[in-house]
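Residue strings, one per chain:
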Amino acid sequence: AGAQLDLEYRDLFDLLNLDDKKRDAVTDLIKARMGTQMDLGFKAVDKELSAEARAEAAAALTKSMAESSAKIKEQLGADYDKFERFEKSKPERDQLKVLGTMMKDQGLSLDETTESKLMDAMYSERQSFKFERDLSDMTKVQPDNLSSENVDLYLEQNAMLQQQIQAKAKGILSQEQYEVFLKSQESQQQMMQMGLKMWQKMTLGTGEADARD
């Protein structure tokens, strides 16, 4: 996990021109935050715990994330905005990785300018979209938010968001690139839905989660 984290953040740290001391300090803070996310995140949706215990875990997670962000901001100063954008754009960065691999398999590629435009369009559309109940960030999901009704509503609204993103991408990519983009988008959405179903089974039990499948 540590090696994967170093690989994921290496380009950002190079861009920010962090010295080794600051790079290590920020890396340690991110690792600690990831551990807290896993621990408290699982407790917040653990059906074996009482509603009160899950609510306490969710509140502790929210507090811990705020404290972690403050510590990282203290380390990075004016560069924190770039770090925050990097973290918030993880879904887009993940899809671009999948897209790059799929395009390579088709003998296609994206130049840096086109990739940057696509990244900005995808990110801007997602950030400006108003979900009634956003389930995209599990660290912000409250214990009782994963009912079938809430998940169905989120998936319905997320499908609308993906259509908006498709419209933006079509104006940026060639027809061949766009067709591969649609496939990469479908792959990412399938992974997201699998993740939601996993969390549902943890918080609701297999009965309701399996029934909605």
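Residues numbered from 1 in each chain as written. Predicted model: local features only at pLDDT ≥ 70, side-chain atom pairs only at ≥ 80, totals over all residues. Heavy atoms only, no water.

## With respect to the overall build of the protein chain
Reasoning step 1: The helix and strand inventory of the protein chain stands at 9 helices and 0 strands.
Reasoning step 2: Secondary structure elements of the protein chain occur, N-terminal to C-terminal, as α-α-α-α-α-α-α-α-α.
Reasoning step 3: At 19 Å, the protein chain has a C-alpha radius of gyration in line with the 17 Å of a compact globule built from 213 residues.
Reasoning step 4: Expressed along its principal axes, the backbone C-alpha trace of the protein chain runs to roughly 50 × 50 × 30 Å.
Reasoning step 5: For the protein chain, the residues scored as buried account for 36% of the 213 residues in total.
Reasoning step 6: Across the protein chain, contacts joining residues at least 24 apart in sequence account for 69% of those joining residues at least 6 apart.
Reasoning step 7: As displayed, the protein chain offers around 12600 Å² of accessible surface, 49% of which is attributable to carbon and sulfur atoms. (Helix = DSSP H or I, 4+ residues; strand = E, 2+ residues; numbered from the N terminus. Rg over C-alpha atoms; globule rule 2.2 N^0.38 Å. Buried < 20%, exposed > 50% of the residue type's maximum accessible area, 1.4 Å probe, protein only. Contact = heavy atoms within 4.5 Å. Areas by Shrake-Rupley, 256 points an atom, 1.4 Å probe, with all protein chains shown as cover.)

## Quick notes on a negative patch on the surface
Reasoning step 1: A surface patch of negative charge is lined by D6, D19, D20, D24 and D28.
Reasoning step 2: With 3 residues, the single largest contributor to the negative patch is helix α2 (residues 20-44).
Reasoning step 3: Tracing the chain through its elements places D28 in helix α2.
Reasoning step 4: Judged by relative accessible area, D28 falls into the partly exposed class, the value being 48%. (Patch = residues over 30% accessible without salt bridge, like charges linked within 9 Å, V, L, I, M, F, W, Y side chains within 5 Å. Salt bridge = Lys/Arg side-chain N within 4 Å of Asp/Glu carboxyl O. Lys, Arg positive; Asp, Glu negative; His and termini not counted. Charge placed at Lys NZ, Arg CZ, Asp CG, Glu CD.)

## Observations concerning the packing of aromatic side chains
Reasoning step 1: The full count for this structure, using the stated rule, is 6 aromatic pairs.
Reasoning step 2: Where Y80 meets F83, the ring centres are 6.0 Å apart and the plane angle is 35°; that geometry is what we call tilted. Here the residue Y80 and the residue F83 both occupy positions in helix α4 (residues 80-88), the gap between them amounting to 3 residues, near one helical turn. As far as burial versus exposure is concerned, Y80 and F83 are alike and both buried.
Reasoning step 3: Clustering of aromatic rings is evident, with ring pairs tying together Y9, F13, Y80, F83 and F86.
Reasoning step 4: For the cation-ring pair, R85 lies above Y123, with the distance from its terminal atom to the ring centre recorded as 4.1 Å. (Phe/Tyr/Trp six-rings, centres within 6.5 Å; stacked < 30°, edge-to-face > 60°. Lys NZ or Arg CZ within 6 Å of the ring centre and 35° of its normal.)

## Side note on the packing of α2 against helix α3 (residues 51-76)
Reasoning step 1: The N-to-C vectors of α2 and α3 enclose an angle of 170°; their axes lie 9 Å apart at closest approach. Viewed along their axes, α2 and α3 adopt a mutual orientation that is roughly antiparallel.
Reasoning step 2: Classifying every residue of the contact of α2 with α3 by side-chain character gives 13 nonpolar, 7 polar and 5 charged. (Axes fitted to C-alpha atoms, helices over the stretch in contact; angles between N-to-C directions. Parallel < 35°, antiparallel > 145°, perpendicular 65-115°, else oblique. Nonpolar A, V, L, I, M, F, W, Y, C, P; charged D, E, K, R; others polar.)

## Structural notes on the pattern of salt bridges
Between side chains of opposite charge, a pair can form when the charged atoms approach closely.
Reasoning step 1: On inspection of all chains with the given rule, the structure shows 9 salt bridges.
Reasoning step 2: R23 is paired through a salt bridge with D14; the nearest N and O atoms lie 2.9 Å apart.

## Brief notes about the nonpolar core
Reasoning step 1: In terms of nonpolar packing, the biggest core is built from 23 residues, with L99, L118, L146, L173 and F181 touching the most fellow members.
Reasoning step 2: Put simply, the parts of the chain that give this core at least two residues each are α5 (90-105), α6 (112-128), α7 (148-170) and α8 (175-204).
Reasoning step 3: With 13 residues, the next largest nonpolar core counts V26, Y80, F83 and F86 among its residues. (Core = buried A, V, L, I, M, F, W, Y, C linked by side-chain atoms within 4.5 Å.)

## Focus on α2
Reasoning step 1: With 25 residues, α2 should reach 36 Å at 1.5 Å per residue; the first-to-last C-alpha distance of 35 Å fits that figure.
Reasoning step 2: At the N-terminal end of α2, a side-chain oxygen is found 3.2 Å from the backbone nitrogen of K21, two or three residues along, and the residue is D19. (Expected span 1.5 Å × (residues − 1). Polar contact = N/O pair within 3.5 Å; in protein donor to acceptor, adjacent residues only side chain to side chain.)

## Notes on α5
Reasoning step 1: Between its first and last C-alpha, α5 extends 23 Å over 16 residues, near the 22 Å set by a 1.5 Å rise per residue.
Reasoning step 2: Within α5, burial applies to E92, R93, Q95, L96, L99 and M103. Projection of α5 onto a plane perpendicular to its axis shows the buried side chains occupying an angular sector of 160°, all on one side. In α5, the exposed residues that point more than 90 degrees away from the buried face are K97, K104 and D105.
Reasoning step 3: Once α5 ends, the next one or two residues include G107, with phi positive near 75°. (Arc of directions from axis to C-beta.)

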